[in-house]
Amino acid sequence: MAGRVEGKVALITGGARGQGRAHALALAREGADVAICDIATGSDPTTPYGLAVADDLARTQADVEALGSRCVAVTADVTRFAELEAFVAATLERLGRIDVVVANAGIFSGGVPSWELTEAQWDRMLEVNLKGVWLTCKAVVPHMLGQGSGGSIVLTSSIGGLVGTPGMAHYVAAKHAVIGYMRSLANEVGAHGIRVNAICPGGVDNAMMNNQAMYATMAGGQGGDRQTMLAAVGSISLLPGGLIENEDVANAVVWLASEESRWVTGVALPVDAGINVKL
Ligand code: NAD
């Protein structure tokens, strides 16, 4: 039986681990060839937990290939346009086309009120989580238009793109802006059959949630641990169960990438256990 994205080529940023890795594997399982990039430096000066490393990128590439799909894996920082252009060029050279884009790379920092954020934290947050999304589309969209066969672009926003939360104002500002950008881009490329949507995950059980800075943020600024973080997420969710898994978000991405969602564009889709509508 043909996969749900059989024969398509999907380009994913931040694909070494976490949600990006889950997207790569889920799309490959459904028949896509995959291109992933990641900064893979292991750290960022403003980010209070480790980023992916080269081994993560290589492991995801090997696991995609083990599923029978081709996989291009490139080290690239989404804030550097030349690196994204090289990533896109490598994808087109080896995989021939790009049908699906998942602008997923992102960072978290915070745990303090907005007036205590440093300019470095604010600037890097907006640079990676907003400008990086725009640069990714800037690098890919001209090629998708040139192909003339439409496509699906998925931008990773967050529950923080839909509601305000304390202790991460710069993250919330960037993720709200991603939704604004998604709505504009959807208008610009809709006539070419290119759909643009955003996904808005709640807390996802991976490295971005499981670190002391996030525990403190969820505890209101200080202290906290995984248990208090889980309790805090539970208290703001409609559904029981706590954090969602990378694969839960990947399921939504596969649907948005596939023809099953062919009339869906301009949507900010929460995958958040109902946090955005909780009274
Ligand atoms: P993660 O930290 O596991 O994955 C993020 C990936 O992006 C990492 O592999 C990291 O190395 C990479 N990255 C960071 N900066 C980069 C850059 N400048 N260039 C290229 N790659 C870079 O966390 P995740 O949850 O998988 O994050 C994926 C996306 O989901 C992010 O945009 C994040 O903001 C968003 N998100 C996360 C959660 C959560 O609870 N984890 C919730 C909502 C939204």
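Okay, so let's go over this structure.

### Thoughts on the overall build of the chain
- On a plain count of helices and strands, the chain comes out with 8 helices and 7 strands.
- In terms of overall dimensions, the chain is globule-like: its C-alpha atoms have a radius of gyration of 18 Å, near the 19 Å expected for 279 residues.
- Expressed as lengths along the three principal axes of its C-alpha atoms, the size of the chain is roughly 50 × 35 × 35 Å.
- Expressed as a percentage of contacts within the chain between residues at least 6 apart in sequence, the contacts between residues at least 24 apart total 73%.
- On the chain, roughly 11,700 Å² of surface is accessible, and the fraction owed to carbon and sulfur atoms is 54%.

### A closer look at helix 7 (residues 226–236)
- All buried positions along helix 7 are accounted for by Met229, Ala232 and Val233. Angular distribution of buried residues about the axis of helix 7 spans 95°; they occupy a single face of the element.
- Contacts made by the buried residues of helix 7 are with helix 6 (212–218).
- The distance from a side-chain oxygen at the start of helix 7 to the backbone nitrogen of Gln227 is 3.1 Å, and the residue carrying that oxygen is Asp225.

### A word on the pattern of salt bridges
- In the structure shown here, the tally under the stated rule is 11 salt bridges.
- Between Asp33 and Arg70 there is a salt bridge; the shortest N-O distance is 3.0 Å. Taken together, the positions of Asp33 in strand 2 (residues 33–38) and Arg70 in the loop between helix 2 (54–66) and strand 3 (71–75) put the pair 37 residues apart, joining distant regions of the chain.
- Overall, Arg70 belongs to the partly exposed group, its relative accessible area being 43%.
- Among the salt bridges present, the one from Arg80 reaches Asp77, with a minimum N-O distance of 4.0 Å.
- Classification of Arg80 by relative accessible area gives partly exposed; the value is 48%.
- The network of salt bridges with shared partners includes Asp44, Asp77, Arg80, Glu83, Arg124 and Glu127.

### A few points about the pairing of strand 2
- For strand 2, a buried count of 6 out of 6 residues is recorded, marking the element as mostly surrounded by other parts of the structure.
- Residues Asp33, Ala35 and Cys37 line one face of strand 2 and the alternating positions Val34, Ile36 and Asp38 line the opposite face, and both faces are buried.
- Looking at chain direction, strand 1 (residues 9–13) and strand 2 are connected through 5 bridges and run parallel. By the bridge assignment for strand 2, Ile12 is matched with Ile36.
- Note on the crossover from strand 1 through helix 1 (residues 18–29) to strand 2: the handedness is right-handed.
- With 5 bridges connecting them, strand 2 and strand 3 associate as parallel partners. Looking at the pairing, Val34 lines up with Cys71 of strand 3.
- Crossover connection from strand 2 via helix 2 to parallel strand 3: handedness right-handed.

### Considerations on the packing of aromatic side chains
- Taken as a whole and judged by the stated rule, the model has 1 aromatic pair.
- Seen in terms of ring centroids, Phe108 and Tyr171 are 5.8 Å apart; in terms of plane orientation they differ by 70°. Their pairing is edge-to-face. You can see Phe108 sitting in the loop between strand 4 (100–103) and helix 4 (119–147) and its partner Tyr171 sitting in helix 5 (residues 169–189), a full 63 residues away along the chain.
- Owing to a relative accessible area of 10%, Tyr171 belongs among the buried residues under this scheme.
- We note Lys138 situated over the ring of Phe81; from NZ or CZ to the ring centre the distance is 5.4 Å.

### Brief notes about the pairing of strand 5 (residues 151–156)
- Most of strand 5 is tucked away, with 6 of its 6 residues classed as buried.
- Burial of strand 5 is two-sided: the residues Gly151, Ile153 and Leu155 facing one way and the residues Ser152, Val154 and Thr156 facing the other way are all buried.
- Two elements, strand 4 and strand 5, share 4 bridges in a ladder whose sense is parallel. Following the sheet pairing, Val101 is matched in strand 5 by Ile153.
- Crossover handedness for the path strand 4 to helix 4 to strand 5: right-handed.
- Traced from strand 5 through helix 5 to strand 6 (residues 194–201), the parallel crossover comes out right-handed.

### Quick word on helix 5
- When the terminal C-alpha atoms of helix 5 are compared, their 30 Å separation across 21 residues agrees well with the 30 Å that a helix rising 1.5 Å per residue should span.
- For helix 5, the set of buried residues is His170, Tyr171, Val172, Ala174, Lys175, Val178, Ile179, Tyr181, Met182, Leu185, Ala186 and Val189.

### What about the site of the ligand?
- In the region of the ligand, 30 residues are neighbours, and Gln19, Asp38, Tyr171, Val204 and Asn206 sit closest.
- Here an oxygen atom of the ligand sits 2.8 Å away from a polar atom, N or O, in the side chain of Arg17.
- In this structure, a nitrogen atom belonging to the ligand sits 3.2 Å away from a main-chain N or O atom of Ile39.
- When the free accessible area of the ligand is taken as 830 Å², the share hidden by the protein chains comes to 99%.
- When residues of the shell around the ligand are traced back to their parent elements, those giving at least two are helix 1, helix 4 and helix 5.

Procedures and definitions
- Along each chain, residue indices are assigned from 1 in the same order as the chain's sequence is written.
- Given that this is a predicted model, residues contribute local features only at a pLDDT of at least 70 and side-chain atom pairs are listed and counted only at 80 or more, while totals for whole chains, interfaces and linings are drawn from all residues.
- To obtain the side-chain values, all non-hydrogen atoms of the structure were included, while hydrogens and water were left out.
- The numbering of helices and of strands both runs from the N terminus, where a helix is a DSSP run of H or I of at least 4 residues and a strand a run of E of at least 2.
- Radius of gyration: C-alpha atoms only; globule rule: 2.2 Å multiplied by the number of residues to the exponent 0.38.
- Contact criterion: two residues are considered in contact whenever any of their non-hydrogen atoms come within 4.5 Å of each other.
- Only the protein chains shown count as cover for residues, and the accessible areas themselves come from Shrake-Rupley with a 1.4 Å probe.
- Only protein chains enter the area calculation, which uses a 1.4 Å probe; residues under 20% of their type maximum are buried, those over 50% are exposed, and those in between are partly exposed.
- Throughout, the arc means that of the directions going from the helix axis to the C-beta atoms.
- Pairs of N or O atoms are called polar contacts if they sit within 3.5 Å, as long as, within protein, a hydrogen donor faces a hydrogen acceptor (for residues adjacent in sequence, only side-chain-to-side-chain pairs).
- Any carboxyl oxygen of Asp or Glu within 4 Å of a side-chain nitrogen of Lys or Arg constitutes a salt bridge here.
- Think of it this way: DSSP has to see at least two bridges between two strands before they count as a pair.
- By convention, orient the strands away from the viewer: a clockwise path from the first strand over the helix to the second makes the crossover right-handed.
- Under the pairing criterion, centres of Phe, Tyr and Trp rings, with the six-membered ring standing for Trp, must be within 6.5 Å; the plane angle then separates stacked pairs below 30 degrees from edge-to-face pairs above 60, leaving the rest tilted.
- Definition used: whenever NZ (Lys) or CZ (Arg) falls within 6 Å of the ring centre and also within 35 degrees of the ring normal, the charge is taken to sit over that ring.
- Helices are assigned an expected span. That span is 1.5 Å times one less than the residue count.
- A cutoff of 4 Å decides nearness: a residue is near a molecule or strand if any of its heavy atoms lies inside that distance of it.

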